[in-house]
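Each chain, written out:
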Amino acid sequence: MKNFLIKNKKAFTLIELLISITIFSFVVVTAIGALYSAQNFSAKAQESQIVLDGLNFTMEVISREIRYGSDFYCEVSSPSSYPPEQKSGTNDCASVDNPGHAIQFINNSNESIVYYLKDNVIWKRDYSAGITEQVTSSDIQIDKFNFYVNGSKPVSSNDYDQPRVTVIISGQTNPNNDSVTPTKFWVQNTITQRKLDN
């Protein structure tokens, strides 16, 4: 009778138990690794999105001010001093090989404004109020801030084109978190002066 009970008794052997634990451990470690990677990717994407939202806001502010502006002077040579000297008149810079590095114009409030790049940051100078302010945050490194202006001269000088400004901004994000990889960006916008050229 004892032999009958022992032969019919079913249980896991030690080897089966070790194999089960090993497989379970492998699945758990893989799942935790995937979860950690997904969380890290999500943090990187969220930080990059916040920075790029700031860049989009910057581009929108510049574009809106240009759209309602007039008397565009495109500074082709790199400014010798910052902020660039105030210019009078208008100046086109439509050559792809020689873009503008600063743009000066009269805004909707009749203030003389210039946008320019200094130390990888976009700056705005209001000559009328004597105020210079940083436009982009330190989370963004601007490598290129170029302008192409066409049709800035008045109709009286036989320029019948409506003033058009193309703004190009490129660079990369400067994440606060060391584990986040910088994201490169290139943004372009073409703006036409809203009021009719005269």
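The numbers attached to residues start from 1 for each chain and follow its sequence in the written order. For a predicted model such as this one, the threshold for reporting local features is a pLDDT of at least 70, and the threshold for listing and counting side-chain atom pairs is 80 or more; totals across whole chains, interfaces and linings nevertheless cover every residue. With hydrogens and water stripped out, all remaining heavy atoms of the structure feed into the side-chain values.

### Things to note about the state of the cysteines
- By convention in this document, the label disulfide applies to cysteine sulfur atom pairs within 2.5 Å. Using the criterion set out here, one finds one disulfide in the structure.
- Put simply, C74 and C93 are joined by a disulfide, and their sulfur atoms are 1.7 Å apart. Between C74 and C93, the disulfide has an S-S torsion of 70° and is therefore right-handed. Residue C74 is located in strand 1 (residues 70-75), and its partner C93 is located in the loop between strand 1 and strand 2 (102-106); the two are separated by 19 residues in the primary sequence. A run of H or I in DSSP counts as a helix once it spans at least four residues, and a run of E counts as a strand once it spans at least two, with each numbered from the N terminus.

### Digging into the sheet that holds strand 2
- As summarised here, the arrangement of the five strands in space is 1-2-3-4-5, forming an open sheet in which the pairing is antiparallel. Strand pairing shows two members of the sheet lacking a second neighbour, strand 1 and strand 5 (131-134), which therefore form its edges. Averaged over neighbouring strand pairs, the angle between their axes works out to 20° when direction is ignored. Here, a strand pair is defined by DSSP locating no fewer than two bridges between the strands. The axes are straight lines fitted to the C-alpha atoms, using for helices just the contacting stretch, and the angles between their N-to-C directions are given from 0 to 180°.

### Considering the side chain of T173
- With respect to the element layout, T173 can be found in strand 7 (residues 164-173).
- Buried means the residue's accessible area, taken with a 1.4 Å probe over protein chains only, is under 20% of the maximum for its type, while exposed means over 50%, and partly exposed covers the values in between. For T173, a relative accessible area of 2% translates into the label buried.
- For this analysis, a polar contact is any N or O atom pair within 3.5 Å, provided that within protein one partner can donate a hydrogen and the other can accept it, and provided that sequence-adjacent residues contribute only side-chain to side-chain pairs. One polar contact links the side chain of T173 to the main-chain amide nitrogen of T183, over a distance of 2.8 Å.
- Throughout, a residue-residue contact means that at least one pair of heavy atoms, one from each residue, lies within 4.5 Å. Residues within four places of T173 in sequence aside, it is in contact with V51, L52, D139, P182, T183 and F185.

### Structural notes on empty space enclosed by the protein
- Grid points spaced at 1 Å over the protein atoms alone were grouped into cavities, where a 1.4 Å probe fits but cannot get out, and pockets, open sets with protein on both sides within 12 Å along at least five of seven lines, with lining residues defined by an atom within 4 Å of a point. Grid points are joined across faces, edges and corners, and a volume is the space filled by probe spheres set on the points. Scanning the entire structure with this criterion turns up one cavity of 30 Å³ or more.
- In this structure, the largest cavity spans a volume of roughly 40 Å³.
- Lining the largest cavity are Y73, E75, P84, E85, K87, A102, I103, Q104 and V114.
- Looking at the lining of the largest cavity, the element that brings in the most residues is strand 2, giving three residues.
- Put simply, Ala, Val, Leu, Ile, Met, Phe, Trp, Tyr, Cys and Pro go in the nonpolar bin, Asp, Glu, Lys and Arg in the charged bin, and everything else, Gly too, in the polar bin. Here the residues of the lining of the largest cavity sort into five nonpolar, one polar and three charged.

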